[in-house]
Amino acid sequence: MVKEKQSVLIIEDEEVNIRVLGQILSREFNIDVATCGRDALVRAEQDEMPDLILLDVTMPDIDGYELCRQLSDNEKTRHIPIILITSEDQEKQEAYGLSLGAVDYIVKPFSVPVLVARVRTHLQLKRQRDMLSDLSVHDSLTGLYNRRKFDGYIEAEWRRACRNQTSLALVMLDVDLFKAYNDHYGHMAGDRCLQRIADCLLANIQRSGDLLARYGGEEFVAVLPELDRHDATVLAQKLCDAVAALTVPHAASTVADHVTLSGGVAAMVPDIDMPSSQLIEAADSALYAAKKAGRDCVQVYVG
Ligand SMILES: Nc1nc2c(ncn2[C@@H]2O[C@H](COP(=O)(O)OP(=O)(O)OP(=O)(O)O)[C@@H](O)[C@H]2O)c(=O)[nH]1
C-alpha cells in the first residue's frame, strides 16, 4: 500500500545534527531516529519501514559505509534509498559510498534547501516505484492480489513450512455456473458480481499471514500458513457460506437461486523434495471433485 505521508529514518549520533535535520524534515515527513548502527538495522526492518534513510557516515559502533552495505545487501531493506551524509569531501569517498548502494551523497556543512530538494526527489522516485510495484501485484478488477503475487507467496510459504515442518493449507474457490451468469445478466454485471465476492472473501479472511488472490477469471485462492486440513475446511465452508449469504440473484443457476461457490481444500507439511505445485494440484483436484459432486460444496484432498 502506498503511504500518504512518507517517512525518513535519520541515522546520526550527534544531538545537534538530529535536531537540525528533524526540524527541517518533520514539516513534510514522518521522522524516526537511530543513534547507532545496531539500532538503525532494527529500525530499518520494522513493520513500518522508512521510505528513505539519511545516514551519517561517522557512527560510533558500525561504520556508515558498512551499514550502507548491510542495508543494501539485505533483501528486506535493499529497496530503501540511502543518502550518505559526511564531512569527507573526496571524490573517492563519494564514489565508494555510491558503489555500496547509496543513491546520493551530501557533504557537511550542507545547504538546507539543497538537502530538502534531494530528499524530496528521492522520495518522489520511491513513491513512483512503490505505486508500480503495488500495481504489478494487484488485480485491477477486484483489488485483490493477483496470480503473480500468489506464485511468489506460495513459494515462500512452502519453503517456510518445509523449514519449520508446519502445515500449509490452500483453499481454491470457483464461482458456480458463472458463464451462465454472464450470459444471463451481461458481462458488466458479471464484473460487479466478482467484485462483491472478492470484498466478501477478504472480509472473512482475518489472519495477517493469510493471502487471498484472484487466481483466474472466476477463481479465487487463499494461502493459509499453519492451518491444518480440518481448520482450512472450516474456513473454506465459512467463505462459501458468506458468499451465499450475499444472496446475489443467479436466475440461470441450476444449483440455487443465488450465486454460490465450490471449494477445494488441501493441506500438507512439505518435504524438502516436494514442489509447491503438489499442493496447488491437490487443491485443484479437490475443487474438481466439488464441481462433480454437484457444486455449492467444499471437498477436501486426502492424499
Ligand atoms: N464478467 C466476467 N466474467 C469473467 C471474468 N473472468 C472470467 N469470466 C467468465 O467466467 C466464466 C467461467 O466459465 P466456465 O469456466 O465455463 O465455468 P462456469 O460457467 O462457472 O461453470 P462451473 O465452473 O463448472 O460451475 C467464463 O464465461 C468467463 O468468460 C471476468 O473478469 N469478468
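Residues numbered from 1 in each chain as written. Predicted model: local features only at pLDDT ≥ 70, side-chain atom pairs only at ≥ 80, totals over all residues. Heavy atoms only, no water.

- By the naming in an unreviewed UniProt entry, the protein is diguanylate cyclase, taken from Aestuariirhabdus litorea.
- Per its UniProt entry, the protein bears the Catalytic activity (unreviewed entry) comment "2 GTP = 3',3'-c-di-GMP + 2 diphosphate".
- The protein has a UniProt comment under Cofactor (unreviewed entry) that states "Mg(2+)". (UniProt positions renumbered as here; feature names shortened; annotations may be inferred.)

**Considerations on the sheet that holds strand 9 (residues 261–268)**
Here's step 1: Strand order in the open sheet formed by five strands is 7-8-6-9-10, and the pairing between neighbours is mixed. The sheet terminates laterally at strand 7 (211–216) and strand 10 (298–300), the two strands that pair on one side only. Direction aside, the axes of adjacent strands within the sheet are offset by 20 degrees on average.
Here's step 2: Note that strand 6 (residues 168–175) and strand 9 share eight bridges and pair antiparallel. The residue bridging A169 from the neighbouring strand is A267, located in strand 9.
Here's step 3: Contacts between helix 10 (residues 277–292) and the sheet are confined to strand 6, strand 7, strand 8 (219–225), strand 9 and strand 10, with strand 9 contributing the most and set at about 145 degrees to the helix. (Pairing = 2+ DSSP bridges. Helix = DSSP H or I, 4+ residues; strand = E, 2+ residues; numbered from the N terminus. Axes fitted to C-alpha atoms, helices over the stretch in contact; angles between N-to-C directions. Contact = heavy atoms within 4.5 Å.)

**Some words on unusual backbone geometry**
Here's step 1: Geometrically, the link from K108 to P109 is a cis peptide bond, its omega value of -5 degrees lying close to zero.
Here's step 2: With phi around 50 degrees, L177 is a residue other than glycine that occupies positive phi space.
Here's step 3: Mapping L177 onto the fold places it in the loop between strand 6 and helix 7 (178–185).
Here's step 4: Judged by relative accessible area, which is 22%, L177 ranks as partly exposed. (Buried < 20%, exposed > 50% of the residue type's maximum accessible area, 1.4 Å probe, protein only.)

**A look at the UniProt feature "modified residue: 4-aspartylphosphate" (unreviewed entry) in the protein**
Here's step 1: Sequence positions flagged by UniProt for "modified residue: 4-aspartylphosphate" (unreviewed entry) are, in local numbering, D56.
Here's step 2: Of note, D56 is situated in strand 3 (residues 52–56).
Here's step 3: In contact with D56, not counting residues within four places along its chain, are I11, E12, D13, G64, I85 and K108.

**Focus: empty space enclosed by the protein**
Here's step 1: This structure, assessed with the given rule, holds one cavity of 30 Å³ or more.
Here's step 2: Looking at the largest cavity, its volume works out to about 40 Å³.
Here's step 3: E157, R160, A161, T166, S167, L168, P225 and E226 are the residues that line the largest cavity.
Here's step 4: Grouping the constituent residues of the lining of the largest cavity by class yields three nonpolar, two polar and three charged. (1 Å grid on protein atoms, 1.4 Å probe; cavity = no way out; pocket = protein on both sides within 12 Å on 5 of 7 lines; lining within 4 Å. Points joined across faces, edges and corners; volume = space filled by probe spheres on them. Nonpolar A, V, L, I, M, F, W, Y, C, P; charged D, E, K, R; others polar.)

**Things to note about the nonpolar core**
Here's step 1: Residues I197, L201 and F220 are the most contacted members of the largest nonpolar core, which totals 33 residues.
Here's step 2: When neighbours within four sequence positions are excluded, I197 is seen to be in contact with V175, F220, V243, V259 and L261. (Core = buried A, V, L, I, M, F, W, Y, C linked by side-chain atoms within 4.5 Å.)

**A look at the packing of helix 7 against helix 8 (residues 187–203)**
Here's step 1: Contact geometry for helix 7 and helix 8: axes closest at 7 Å, N-to-C directions at 130 degrees. Classified by the angle between their axes, helix 7 and helix 8 sit oblique to one another. Facing helix 7, whose interface residues are F178, Y181, N182 and Y185, helix 8 presents H187, A189, G190, C193 and L194.
Here's step 2: Among the residues making up the contact of helix 7 with helix 8, the classes are represented as six nonpolar, three polar and no charged. (Parallel < 35°, antiparallel > 145°, perpendicular 65-115°, else oblique.)

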